[in-house]
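# A structural walkthrough
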Amino acid sequence: MKHISFCAVALCIMATPLATHSTVITNRSVATPGSTLANFVYMTPVAECDFRNTGETTLKKTFTISNPGHYVLVQDIGFAASSADQNAIYINSSNVTLDLGGRTLYNNGVGTTMTGVSINTGLKNITLKNGNIVGFSEYGIETADCRNLRIENLSIGECAYSGIYLGGTSTSADVSEAIINNCIISHCNRASGASTALSINFGYNIIISNTLVGRTITTTSGDVKGLYLANSRNVTVTNCDFGSNSSAGSAYGAYIENCRHVALSDCTSGVNNAASGNSGYGFYVTATSYDISFKTCTAHSNYGAGTGSGYGFYINGGYNTSFVDCTANSNYSSGTGHGYGFYLTTAYQSYFENCRASYNNAGATGACGCGFYQTSSDKTIYKNCTSVGNKAGSGASGITQGGHGFVTASGFSSLYQECVATGNVTDTSGTNSTSAGFFAYAETDTAWITCEARANGSDSITKNAAGFFLDDTTASCVRCILKGCSSFGHRTSGGTAYGFFDDASATSTLIIDCLAFGNETANYYLTEGTGSSNVSLNSSVTNKTIANITSRPPFQNATITSAV
C-alpha cells in the first residue's frame, strides 16, 4: 500500500480492487435551509458526530489523481485552500474510481472559490461513490467533458453554485454515458445569483435515478433550480424528487431547455416557492425541446407570490410533449397571479392521457385558477383527463379569468376525448368572470367528444358558471365540434349558469348529440347570426341535437339551420 506523504492525507491507492460497497441512502430527509454543516444528514455508516470531531487532517493544496486506480477516503478530510480558485481533489486520469468510503470531503476554508472534486476534460471511465461532499463555495463535483461517468451513493450539499455541474460546451465537448444514482443533492445555497442543485449542459445518454435534487436557496437575488438540463439528448430520469427550492427570484423544480428525447417517470416536483413578483414551477420545458415525456409524475404546491403564478407543469414552445398518468394539484398564487396545473403556450402536438389536475388556486386576489390551460398551441390531444376543484381568486375580472377545468385559446385542431371537469369555481367578487368546465376562446377546428362537465360554480359563487363556454362575440370559435357531451348541475348565487353557452356570430360551431339538464339558468344558450336569426334554447330544453344540414363542405361557413 502506498501512502500519500503530504499533510498525512488519508487517501489510499489500493493495489487490488475493493469489495463492492453496500452503502445506501437510508434517510432521504435533509436539514432545514440555512442549517450549519454540522446538521447535514449523511449516508450511513458516517454519523453526525464524526463530522464534528476535532483534529481532522486538513488538506491545504489540491490532491491530484494522475494515474488509474481505486482511491479510497479512509477518514473525513477538510480542504482549506491556500489560494483562491482551487479544487480539493483533481482527477487527471481516465479509469479512476474515487470511493469516499462513507467519509466526508468538506470545505474547511473561507473566502475562496473551491470545488470538491474536479474532473479534467477528455477523460473516461470515472466513478465517484459512497460518501459526502459538503460546503464548497463553487461546485461539489464538476466536469466539462467526460465519457462513462458514474456518480452513486453520494450526499452532496451546501455547495453554492451547484452540487453537481456537468457543463459541456458543445456537441464535441460533452458529458455522455453518465449515470447518477441513489444520491442526495441539496442545500445549494447562495446569497445572490442563480443556484442549481444538478446542472447538465450538453449531456448525451444520461441516466438519473433514485435521487433527491432540491432544497436550493437564494436569499437576496437570482433564480433557483433543482435540475437544470440544457442542450441534451437521450436522458432518462426515474424516481427523483425535485422539490422545496426557495428563491429570491423564480423557483424551478426541474428546468428543461432545448433538449430532445427526455423521459421522466415516477418523479415529483413540489413546494418550489418564489419571491414576490416571481413564479414557482414544478416542471418547466422551454426553447424548442422535442419529445419530452412525463409518466406518472406529480407537481404539487408550487407557489408564486405577488404578481407571480404557481405552475405544476409549464411547457413553452415544446414539440411532441406527452403526459401519461400525471397529476398536478394545489399549485397557487397568494397574490394577483394565477394557479395552473398544466400550462401550455406555443406548444405543438402535445398529448395527455389519464392526467388529473385538482385544486389549483389563484389565491386571495388572483385571476385564473385552472387545471389544464393552453394558449396559441396546436394539435393537442387530451384523452380521459380530469380537472377538479380549481378555483379563481376574488380579483378575477377578465373573460378567461375564472375557475376553469380546461381552457383552450387562440389555437388550432385540438381534441378533448372522454374528459371530465367538475367543481371548478370563481370566488365571490370581480367582474365578468366565469367558472367553466371547458372554456374555448378564439379556437379553430377543435373538438370535444364524449366529454362531461358537472357542478361547476356553486351556490356560494356570485359569478357566471357554464359546463361548456365557447368564445364570446369578440373572439369566436371557428369550425369547432361538440359531440356526445353532457353538461349538468351548474349553479351560481347571483350570476347565470348554463349547460352549453355559445354567444358567437356566424362561427360554424356544431353541437351534436349533446345532453344538458339541471342547470340553474339555461341548459342551452346558443346564438347564431344577429337579430331574429338567433337560436336561443332556454332551460326547458333538456335534450337537443344542433346539426349542420347545409350543402357546404364540412366546417366551412356552416350555420346552425335546425334545432331538433
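### A word on the packing of aromatic side chains
Counted under the stated rule, the structure contains 49 aromatic pairs. Where Tyr-252 meets Tyr-281, the ring centres are 4.7 Å apart and the plane angle is 5°; that geometry is what we call stacked. Note that Tyr-252 is positioned in strand E23 (residues 251-257) and Tyr-281 in strand E27 (residues 280-286), a separation of 29 residues in sequence. Pair check on accessibility: Tyr-252 and Tyr-281 agree, each one buried. Between Phe-313 and Phe-323 the ring centres are 5.6 Å apart and the planes differ by 85°, which places this aromatic pair in the edge-to-face class. Here the residue Phe-313 occupies a position in strand E31 (residues 310-316), and Phe-323 occupies one in strand E32 (residues 322-324), the gap between them amounting to ten residues. The ring of Tyr-228 has Lys-225 sitting right over it, with the charged end atom 5.4 Å from the ring centre. Lying over the aromatic face of Tyr-255, Lys-225 brings its terminal NZ or CZ to 4.9 Å of the ring centre.

### Details of the pairing of strand E12 (residues 146-157)
Counting buried residues along E12, nine of its twelve residues qualify, which places the element largely inside the surrounding structure. Bridge analysis of strand E10 (residues 123-134) against E12 gives ten bridges, and the strand direction is parallel. Within E12, the position partnered with Ile-133 by the bridge is Ile-156. The sheet contact formed by E12 and strand E14 (residues 175-181) spans six bridges and is parallel.

### Some remarks on the pattern of salt bridges
Tallied over the full model, the rule gives six salt bridges. In this structure, the salt-bridge partner of Arg-147 is Asp-174, at a minimum N-O distance of 3.4 Å. Separated by 27 residues along the polypeptide, Arg-147 in strand E12 and Asp-174 in the loop between strand E13 (162-167) and E14 bring together distant segments of the chain. Where Arg-150 meets Glu-152, a salt bridge forms, and the shortest distance between an N and an O atom there is 3.1 Å. In this structure Arg-150 comes out as partly exposed when scored by relative accessible area, which is 30%. Given the relative accessible area of 17%, Glu-152 is considered buried. Each of the salt bridges in this network shares a partner with another, and the network as a whole consists of Asp-145, Arg-147 and Asp-174.

### Remarks on the nonpolar core
Ranked by internal contacts, the top residues of the largest apolar core, which has 97 residues, are Leu-264 and Phe-294. Per element, the largest residue contribution to this core is five residues, and it comes from E12. Ignoring anything within four residues of it in the chain, the contact list for Leu-264 reads Val-237, Phe-242, Ile-256, Phe-283, Ile-292, Ser-293, Phe-294, Lys-295 and Cys-297.

### Focus on the pairing of E31
Taking burial as the measure, the seven residues of E31 include six buried ones, the bulk of the element. Inspection of the sheet shows E27 paired to E31 by six bridges, in the parallel sense. Within the sheet, the bridge partner assigned to Tyr-281 lies in E31 and is Tyr-311. Relative to strand E35 (residues 339-345), E31 is paired through six bridges, and the arrangement is parallel. Of the residues in E35, the one forming a bridge with Phe-313 is Phe-342.

### Describing unusual backbone geometry
The phi torsion of most residues other than glycine is negative, and most of the peptide bonds are trans. Notably, Asn-384 is not glycine yet its phi reads approximately 55°, a positive angle. Note on placement: Asn-384 falls in the loop between strand E39 (381-383) and strand E40 (386-388). Classification of Asn-384 as partly exposed rests on a relative accessible area of 38%. Here the phi dihedral of Glu-418 falls at roughly 55°; this positive angle occurs in a residue that is not glycine. As for its placement among the helices and strands, Glu-418 is situated in the loop between strand E43 (415-417) and strand E44 (420-422). When its relative accessible area of 41% is taken as the criterion, Glu-418 is described as partly exposed.

### Remarks on the side chain of Ser-162
Here Ser-162 lies in strand E13. Beyond its immediate chain neighbours, meaning those up to four positions away, Ser-162 contacts Glu-138, Tyr-139, Gly-140, Cys-188, Thr-196, Ala-197 and Ser-199.

### Details of the sheet that holds strand E30 (residues 303-305)
Strand order in the open sheet formed by three strands is E26-E30-E34, with parallel pairing between adjacent strands. Where the open sheet ends on each side, the last strands, each with one partner, are strand E26 (273-276) and strand E34 (332-333). When E26 meets E30, the two strands line up parallel, connected through two bridges. Within E30, the position partnered with Ser-276 by the bridge is Ala-305.

### Brief notes about the environment of Thr-143
Here Thr-143 shows up in strand E11 (residues 139-143). Along the chain, Thr-143 and Leu-123 lie 20 residues apart, while their C-alpha atoms are 9.5 Å from each other. Not counting the four nearest positions on each side in its chain, Thr-143 is found in contact with Ile-119, Asn-120, Leu-149, Tyr-165, Leu-166, Gly-167 and Val-175.

### Remarks on the confidence of the model for the protein
The pLDDT averaged across the protein works out to 79; a share of 77% of its residues lies at or above 70. For the stretch residues 1-56, pLDDT sits under 50, and the model shows 121 contacts to residues farther than four places along the chain or on other chains.

### Comments concerning the environment of Ala-248
Counting through the fold element by element, Ala-248 comes out in the loop between strand E22 (233-238) and E23. Residue Ala-248 is classed as partly exposed on the basis of its relative accessible area of 22%. A C-alpha to C-alpha distance of 6.7 Å links Ala-248 and Asp-223, two positions 25 residues apart in sequence. Ala-248 has contacts with Thr-218, Thr-219, Thr-220, Ser-221, Gly-222, Ala-275 and Asn-278, leaving out every residue within four places of it along the chain.

How each quantity is defined
- Residues numbered from 1 in each chain as written.
- Predicted model: local features only at pLDDT ≥ 70, side-chain atom pairs only at ≥ 80, totals over all residues.
- Heavy atoms only, no water.
- Phe/Tyr/Trp six-rings, centres within 6.5 Å; stacked < 30°, edge-to-face > 60°.
- Helix = DSSP H or I, 4+ residues; strand = E, 2+ residues; numbered from the N terminus.
- Buried < 20%, exposed > 50% of the residue type's maximum accessible area, 1.4 Å probe, protein only.
- Lys NZ or Arg CZ within 6 Å of the ring centre and 35° of its normal.
- Pairing = 2+ DSSP bridges.
- Salt bridge = Lys/Arg side-chain N within 4 Å of Asp/Glu carboxyl O.
- Core = buried A, V, L, I, M, F, W, Y, C linked by side-chain atoms within 4.5 Å.
- Contact = heavy atoms within 4.5 Å.
- pLDDT = per-residue confidence, 0-100.

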